[in-house]
Amino acid sequence: MNNTENKILIELYLPLFEKEYDIFIPINKRVGTIKQLIEKSLSESHDIDYIIKDDTNLYSKESGIVYDVQLLVKDTDIKNGSRLVLL
């Protein structure tokens, strides 16, 4: 299995900044780990002033469900093309 088979492409929406990003995320990591990595990347970005908060969550943009931070991405309904919101 090559490296791209372990990742999926998602669309991440940041309502606070009204911006969308297409990012690859690994499917064998926990949702909480992915959230932390995204937030760390955003906080180091020069495009926006993002401040990491403990109470942010990843949501499905379609259904509004909150993803359990303990679940592996592959054990959720997140797949290629999924649209998520970080809020």
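Residues numbered from 1 in each chain as written. Predicted model: local features only at pLDDT ≥ 70, side-chain atom pairs only at ≥ 80, totals over all residues. Heavy atoms only, no water.

**Some points on the overall build of the protein**
Line of reasoning, step 1. Tallying secondary structure elements over the protein gives one helix and four strands in all.
Line of reasoning, step 2. Along its sequence from the N terminus, the protein presents helices and strands in the succession β-β-α-β-β.
Line of reasoning, step 3. Overall, the protein is about 35 × 25 × 20 Å in size when its C-alpha atoms are taken along their principal axes.
Line of reasoning, step 4. Evaluated residue by residue, the protein yields a buried proportion of 31% over its 87 residues.
Line of reasoning, step 5. Taking the intrachain contacts of the protein between residues at least 6 apart in sequence as the baseline, contacts between residues at least 24 apart amount to 55%. (Helix = DSSP H or I, 4+ residues; strand = E, 2+ residues; numbered from the N terminus. Buried < 20%, exposed > 50% of the residue type's maximum accessible area, 1.4 Å probe, protein only. Contact = heavy atoms within 4.5 Å.)

**Some remarks on unusual backbone geometry**
Line of reasoning, step 1. Not every positive phi belongs to a glycine, and glutamate 18 is a case in point at roughly 50 degrees.
Line of reasoning, step 2. The residue glutamate 18 is located in the loop between strand E1 (7-14) and strand E2 (19-26) in this model.

**Observations concerning the nonpolar core**
Line of reasoning, step 1. Residues Ile8, Leu12, Ile25, Leu42, Val73, Ile78 and Leu86 are the most contacted members of the largest nonpolar core, which totals 18 residues.
Line of reasoning, step 2. Ignoring anything within four residues of it in the chain, the contact list for isoleucine 25 reads Asn6, Lys7, Ile8, Ile10, Ile34, Val73 and Ile78. (Core = buried A, V, L, I, M, F, W, Y, C linked by side-chain atoms within 4.5 Å.)

**A short note on the side chain of glutamate 11**
Line of reasoning, step 1. Note that glutamate 11 resides in strand E1.
Line of reasoning, step 2. At 3.1 Å, the side chain of glutamate 11 and the side chain of arginine 83 are in polar contact.
Line of reasoning, step 3. With residues up to four places along the chain from it excluded, the contact list for glutamate 11 reads Glu20, Tyr21, Asp22, Lys61, Ser82, Arg83 and Leu84. (Polar contact = N/O pair within 3.5 Å; in protein donor to acceptor, adjacent residues only side chain to side chain.)

**As for helix H1 (residues 31-43)**
Residue pairs spaced three or four apart in an α-helix point in one direction, given the helix's 3.6 residues per turn.
Line of reasoning, step 1. Along its 13 residues, H1 runs 18 Å from first to last C-alpha, staying within 8% of the 18 Å computed at 1.5 Å per residue.
Line of reasoning, step 2. On its buried side, H1 packs onto E1, E2, strand E3 (58-60) and strand E4 (83-86). (Expected span 1.5 Å × (residues − 1).)

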